[in-house]
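# Observations on the three-dimensional arrangement
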Amino acid sequence: RALRFAAGADPDVTAGLYDGLGFELMLVGRLQDAVDASVRALGLWRRAGDRVREGGTLCNLFHALQPLGRGSDSVTTAESAVAVLEPLGPTVELARAYAILANARMLNSEHQAAIDLAVRAQAIAEPLGALDVLSDALNVQGCSVARTGGEWAGYKRRALDVALSAGLDEQAGRAFENLHGSYVDRRRFAEAERCFIEGVAFCDEHDLGSYAAFLRGNRAIALEQAGRWDEAVALSTALLASTDVPVFRLGPLQVLGVIRVRRGEPGAWDHLDEAAAAADASGEAQWIIGVRLARAEGHWLQGEPPRAAQEIGRAHV
C-alpha cells in the first residue's frame, strides 16, 4: 500500500519499501513476487550508491531464489553479497552475507567451506549482538556437521533457542525446518514428529509460509519412510495442490512417485520425472540423491536393473 503512494519519494525510501516487501513476500512463500521486489530494490540501492543496503538486499534475494530451484543464481547472489560487503569491514551485514554464503556452500555439499564461513559469521555477529545472524550461522554449521558425520544437535538446538529467546520469527522457522530435517534423515521419527508439531504450529501462527511448506514436505517423507503410506499420500496430494514452487513440491512428488510404483498405480513416473527436473535445477545434493534413489527403486521394482543402475550413478553428486 505504501508503494502505491511512493511516486516522487526519495529513491532510498522507495528502495526500502521494495526491500521490505521482498522480505515479507519471501516469508509467506510468494517467491517470484519476492524476487521481483528485491530486484527493484537492488537497482535503486545501486543507483544510490548504498553498498551496505545493496549487500543486504542480495542476502534477501538468495532466500527467495533458492526454493525456486534457481541453484546457480542463488549461489551467484550469495557470492555477490560477500564481494559487495567485504571491503566495508566487519559489519552485521557482512556477517549475514557470510552466513548466506555458508548456506549456499552447504547446499552444494561443500561442507568444510560452509563450516568455515559459518564460524566467520559468528565471530562478527556475536560481539555485535546480531542474534539473527548468529542463529542462522549456527544452523548452517549444524547442517554441514550433520552431513559430515559430526555431532550436530548442539548447533541446531542452540540456533533454535537463540531465535525463540530473541523473538526472531524467520530464524526460528528456519531452525525448526532444519532440525526436523535432521531427525527425518536419521529415522528418529518420534523426535521428528515432536519437532514437526511444534515447528509447524509456530510457522502457521507467525505466517511463515515458506518454512511451513518445507516442514510439511519433510513430514511427508517421514511418513513414507515410517510405512504410514496412506497418510503420506494424503499429505503429499494436498501439498501439491497448494503450491507451484519447485522445491516445495520436491518432497511430495518423490513420496507420491515411489509409493505409486510400489503399489503398481498409474502416474508414478509423471511425479518422478517432475521431481528429477526440479532436483537437478536446484543443484542441491540433498534433493538430487533422494530423487535419483527413488527413481532407481522404481526401475528396479519394474524389472529394469540397468536403468536403476543409471539412476544410482546420477546420485553420486
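See the structure shown above.
Keep in mind that what you see is a predicted model, and the values were worked out from it rather than measured.

## Some remarks on the overall build of the chain
Tallying secondary structure elements over the chain gives 16 helices and zero strands in all. For the chain, whose C-alpha radius of gyration is 20 Å, the value lies close to the compact-globule estimate of 20 Å for 317 residues. Along the longest, intermediate and shortest principal axes, the C-alpha atoms of the chain span 65 × 45 × 35 Å. In the chain, which comprises 317 residues, the proportion classed as buried is 54%. When contacts within the chain are restricted to residue pairs at least 6 apart in sequence, long-range pairs at least 24 apart make up 55% of them. Element-wise, carbon and sulfur atoms account for 52% of the exposed surface of the chain, whose accessible area totals about 13700 Å². Positive and negative side-chain charges in the chain, numbering 32 and 42 respectively, have mean positions lying 2 Å apart.

## A word on the packing of helix H1 (residues 11–28) against helix H11 (residues 209–225)
Relative to each other, H1 and H11 sit at 25°, their axes nearing to 4 Å. Considering the angle they form, H1 stands roughly parallel to H11. Here Met26, Leu27 and Val28 of H1 lie close against H11, whose contacting residues are Gly209, Ser210 and Tyr211.

## Comments concerning the state of the cysteines
The tally for this structure, following the rule as stated, stands at zero disulfides. As a non-bridged cysteine, Cys143 has Cys195 as the owner of its nearest cysteine sulfur, 12 Å distant. Unpaired in terms of disulfides, Cys203 finds its nearest cysteine sulfur in Cys195, a separation of 9.6 Å. According to the relative accessible area criterion, Cys203 is buried, its value standing at 1%.

## Remarks on unusual backbone geometry
Non-glycine residue Ser109 carries a positive phi angle of around 65°. Within the secondary structure, Ser109 is located in the loop between helix H5 (92–107) and helix H6 (111–128). Within the chain, Arg187 stands out as a residue other than glycine whose phi angle is a positive 60°. Mapped onto the secondary structure, Arg187 falls in the loop between helix H9 (169–185) and helix H10 (189–205). On the basis of relative accessible area, Arg187 is assigned to the partly exposed category, the value being 48%.

## Some remarks on helix H2 (residues 31–48)
For H2, with 18 residues, the first-to-last C-alpha span of 26 Å sits near the 26 Å given by 1.5 Å per residue. Buried within H2 are the following residues: Leu31, Ala34, Val35, Ala37, Ser38, Ala41, Leu42, Leu44 and Trp45. Close packing links the buried residues of H2 with H1, helix H3 (51–65), H11 and helix H13 (246–263). Note on H2: the residue one or two positions beyond its end, Gly49, has a positive phi of about 75°.

## Quick word on the nonpolar core
Within the largest apolar cluster, 103 residues are counted, with the highest numbers of intra-cluster contacts made by Met26, Tyr98, Val133, Trp152 and Leu250. Counting residues per element, this core draws most heavily on H5, which supplies 11 residues. If near-sequence neighbours (up to four positions away) are discounted, Leu250 is found in contact with Ala275, Ala278, Ala279, Trp287 and Val291.

## A closer look at the packing of helix H7 (residues 131–147) against H9
Direction vectors running N to C along H7 and H9 enclose 10°, while the axes themselves pass 10 Å from each other. Between H7 and H9, the interaxial angle falls into the category roughly parallel. Like other packed secondary-structure pairs, H7 and H9 cross with a definite hand, here left-handed. For the pair H7 and H9, contact is made by Asp132, Ser135, Asp136, Asn139, Cys143 and Ala146 and by Gln171, Arg174, Ala175, Asn178 and Ser182, respectively.

## Considering the pattern of salt bridges
Per the stated rule, a full pass over the model turns up 27 salt bridges. Ionic pairing is found between Arg30 and Asp33, a salt bridge with its closest N-O pair at 3.1 Å. Take Arg30: its relative accessible area is 48%, and that puts it in the partly exposed class. By relative accessible area, which is 34% here, Asp33 ends up partly exposed. Taken together, the shared-partner salt bridges connect Asp273, Asp280, Arg292, Arg295, Glu311 and Arg314 into one network.

## Description of the environment of Ser242
Within the fold, Ser242 resides in helix H12 (residues 229–242). Judged by its relative accessible area of 56%, Ser242 is exposed. Sequence spacing of Ser242 and Ala213 is 29 residues, and the spatial spacing of their C-alpha atoms is 9.5 Å.

## Looking at H1
The end-to-end C-alpha separation of H1 is 26 Å, in line with the 26 Å expected for 18 residues at 1.5 Å each. All buried positions along H1 are accounted for by Thr14, Ala15, Tyr18, Asp19, Gly22, Leu25, Met26 and Leu27. At its buried positions, H1 is contacted by H2, H3, H9 and H11. The positive-phi residue at the C-terminal boundary of H1 is Gly29, with phi of around 95°.

Definitions and cut-offs
Residues numbered from 1 in each chain as written. Predicted model: local features only at pLDDT ≥ 70, side-chain atom pairs only at ≥ 80, totals over all residues. Heavy atoms only, no water. Helix = DSSP H or I, 4+ residues; strand = E, 2+ residues; numbered from the N terminus. Rg over C-alpha atoms; globule rule 2.2 N^0.38 Å. Buried < 20%, exposed > 50% of the residue type's maximum accessible area, 1.4 Å probe, protein only. Contact = heavy atoms within 4.5 Å. Areas by Shrake-Rupley, 256 points an atom, 1.4 Å probe, with all protein chains shown as cover. Lys, Arg positive; Asp, Glu negative; His and termini not counted. Charge placed at Lys NZ, Arg CZ, Asp CG, Glu CD. Axes fitted to C-alpha atoms, helices over the stretch in contact; angles between N-to-C directions. Parallel < 35°, antiparallel > 145°, perpendicular 65-115°, else oblique. Disulfide = S-S within 2.5 Å. Expected span 1.5 Å × (residues − 1). Core = buried A, V, L, I, M, F, W, Y, C linked by side-chain atoms within 4.5 Å. Left-handed = near helix turned anticlockwise from the far one by under 90°. Salt bridge = Lys/Arg side-chain N within 4 Å of Asp/Glu carboxyl O.

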